[in-house]
Amino acid sequence: MAEKELFSVESNPSFTPFWHRMPGFFLYPIQGGSLLRIAGYSVVGGIAMMLPFSGLLSKLVWLAFFKYAFVVMERTANGQFDEPSNLNGEEGGDSSQVYRQYGLYLIFGLVSVALVLMFGLKAGIILALLLSLGLPAGIMTIGVTHSLGQALNPFQTISFIKSIGTPYLVLCFFLVSMVGSMIWMQVFLFRHMNSWLVLPLVSFVQFYFWLIIYHMMGYAIYQYHEELGVHADVSFEQAEAKLSPNKPAPDPVMAELATLMASGREAEAASLLREELRTKWERNDLHERYQKLLVALGRTEPALNHAREFIGKLVTEKRMFQALDLCEWGLKTEPGFQPNNPDHVHELAAAAQVANRHKLALDLMRGFDKRYPGHKHIAHVYLLSAKILAEKYSMYTEAGKIVRALQAKFPQHALAGEARQYQEMLVKLSAIGGAPAPLPAARPPSTGG
């Protein structure tokens, strides 16, 4: 277990992030009402391209579409993921939202031109591209605040992006990918269709992808509405239940734990986990969180005690690598650390040898015969220790002492014959010579002799 991982205390996300909802975004425009609406826009938009007054009619079509797109985004940001059903009433859309967006685009274009004039073509384009990272935040700000001024406020935009964090860049990547896919499909249709039907199809592709984009931006607002300080009428639990009706209900223990951790009540979270483990001892996820939390809180003694108990459970379940991670942490924290059950020591050391964690194996076995005199695994511990010392550290003399002690103490043991053969091999290796490899901070286990 890496130290960084051990000392982190994470909680499960309470709502599925947008990057896990991609299929749902693509399905949104093909709902009955949305599909009919964008199909109608497409037919009118396609016809408009063939008429002499196409510019005016096309602008009206796009105005109507973006009114609808903003309604979709604002509903999604509120936790309403079904399509609008009352577009002729309260949800008819707001044309001023579209004008604010056009204003944002216009000012962005003017600033981009100014950057090119001030810094030259290449530098200006690079700066304009960097500036464009704020466009989605600006559009989402318009959707939330109905204010062009706030969308143009660089401090507001930076605060918006910081509130979402790195996922904002992921969102931008998806949005750019959507636009790129839309353009590719339009070019493909123009190249491979000679019919006038290409015009409404191209329009349909545009409306389809733009509706996905606005739905996705609304989803991102809703996912981070608490961080953004935006009110939403629908709770995460209610929204998740509607989006994933077959998904198991969230674990109430984890939900309470997440609430306690978010409010900085780590001590109460540790008490909650300790109580839960009394009746849910089988849940390794609770053990893992309890262990990490104790370490993070600096409760060394309870953390060591729990680690000993948890190691025994993990060994019984054959989850050896996780058990070894805990052993390693325990030995770093307390040099004399040992599992509760001495029967597990040899099994853990053997697993450590397989995992090439040889120092850990020796540390676990060191002094085993003195701690547990008469234990049935002493001979096994001796032989494994000798093999690691000889084969990994070239410490043939020390290994020889251990196998001789094994033969002297346990002449009738099943391993005595193997120890004798191994001693003969060690004599030959010692005769060949060679400097022993360094053994970092490790000494041969006690042989009692």
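Structure first, text after, so check above.
Quick caveat, the model's predicted, so the values are computed rather than measured.

Trainee: Requested: an account of the overall build of the protein chain, with residues and values cited.
Mentor: Within the protein chain one finds 24 helices and zero strands. Per-residue burial for the protein chain yields a buried fraction of 46% across its 449 residues. Pairs at least 24 residues apart make up 69% of the contacts formed inside the protein chain by residues separated by at least 6 positions.

Trainee: Provide a residue-level description of the environment of methionine 178, including the pertinent values.
Mentor: If you trace the backbone, methionine 178 turns up in helix H10 (residues 167-192). Placed 34 residues apart in sequence, methionine 178 and isoleucine 212 show a C-alpha to C-alpha distance of 8.2 Å.

Trainee: Give me the nonpolar core: which residues, what numbers.
Mentor: Judged by nonpolar contacts, the single largest core of 63 residues is most densely connected at Ile311, Leu348 and Met365. The element best represented in this core is helix H22 (residues 378-393), accounting for eleven residues. Residue contacts for isoleucine 311: discarding those within four places in its chain leaves Ala323, Leu326, Cys327, Phe337, Pro339 and Leu348.

Trainee: Now, about the packing of helix H7 (residues 135-145) against helix H11 (residues 198-223): what can you tell me, with residues and values included?
Mentor: Interaxial distance between H7 and H11 falls to 10 Å at its minimum, and their mutual angle equals 75°. By the angle class used here, H7 and H11 are roughly perpendicular. Across the interface between the two elements, Pro136, Ile139, Met140 and Val144 from H7 touch Tyr214, Met217 and Ile221 from H11.

Trainee: Describe the pattern of salt bridges, listing the residues and the values that go with them.
Mentor: Summed over all chains, the structure comprises 14 salt bridges. For lysine 318, the salt bridge is made with glutamate 347, and the minimal N-O distance between the two is 2.6 Å. On the criterion of sequence distance, the pair formed by lysine 318 in the loop between helix H17 (300-316) and helix H18 (320-333) and glutamate 347 in helix H19 (residues 343-354) is long-range, its members being 29 residues apart. Overall, lysine 318 belongs to the exposed group, its relative accessible area being 57%. The partly exposed category is assigned to glutamate 347, whose relative accessible area is 27%. One salt bridge in this structure joins aspartate 325 and arginine 357, with 3.2 Å as the shortest N-O distance. Note that aspartate 325 is positioned in helix H18 and arginine 357 in the loop between H19 and helix H20 (358-365), a separation of 32 residues in sequence. An identical accessibility class is assigned to aspartate 325 and arginine 357; each is buried. Among the charged side chains, a network of salt bridges with common partners joins Asp325, Glu328 and Arg357.

Trainee: Break down helix H5 (residues 95-119) for me, with residues and values.
Mentor: Over its 25 residues, H5 runs 36 Å from end to end, which matches the ideal 36 Å to within 8%, given 1.5 Å per residue. All of the buried residues in H5 are Gln97, Val98, Gln101, Gly103, Leu104, Ser112 and Leu115. Backbone geometry just downstream of H5 places glycine 120 in the positive-phi region, at approximately 95°.

Trainee: Residue-level account of unusual backbone geometry, with values.
Mentor: Positioned with a positive phi, histidine 146 is a non-glycine residue whose angle comes to about 55°. Mapping histidine 146 onto the fold places it in the loop between H7 and helix H8 (148-152). Owing to a relative accessible area of 34%, histidine 146 belongs among the partly exposed residues under this scheme.

Trainee: Before we move on, can you summarise the side chain of asparagine 284 with the specific residues and values?
Mentor: Inspection of the secondary structure puts asparagine 284 in helix H16 (residues 284-296). Here asparagine 284 falls in the buried class, since its relative accessible area comes to 11%. At 2.5 Å, the side chain of asparagine 284 and the side chain of lysine 313 are in polar contact. When sequence neighbours within four positions are dropped, the list of residues in contact with asparagine 284 reads Phe310, Lys313, Glu317 and Arg319.

Trainee: Can you tell me about the side chain of threonine 141, naming the residues and giving the values?
Mentor: Along the chain, the position of threonine 141 falls in helix H7. Within polar-contact distance, the side chain of threonine 141 engages the backbone oxygen of alanine 137 at 2.7 Å. Each residue touching threonine 141, except ones within four places of it in the same chain, is listed here: His146, Gln150, Ala151, Gln156 and Phe160.

Cut-offs used in this document
- Residues numbered from 1 in each chain as written.
- Predicted model: local features only at pLDDT ≥ 70, side-chain atom pairs only at ≥ 80, totals over all residues.
- Heavy atoms only, no water.
- Helix = DSSP H or I, 4+ residues; strand = E, 2+ residues; numbered from the N terminus.
- Buried < 20%, exposed > 50% of the residue type's maximum accessible area, 1.4 Å probe, protein only.
- Contact = heavy atoms within 4.5 Å.
- Core = buried A, V, L, I, M, F, W, Y, C linked by side-chain atoms within 4.5 Å.
- Axes fitted to C-alpha atoms, helices over the stretch in contact; angles between N-to-C directions.
- Parallel < 35°, antiparallel > 145°, perpendicular 65-115°, else oblique.
- Salt bridge = Lys/Arg side-chain N within 4 Å of Asp/Glu carboxyl O.
- Expected span 1.5 Å × (residues − 1).
- Polar contact = N/O pair within 3.5 Å; in protein donor to acceptor, adjacent residues only side chain to side chain.

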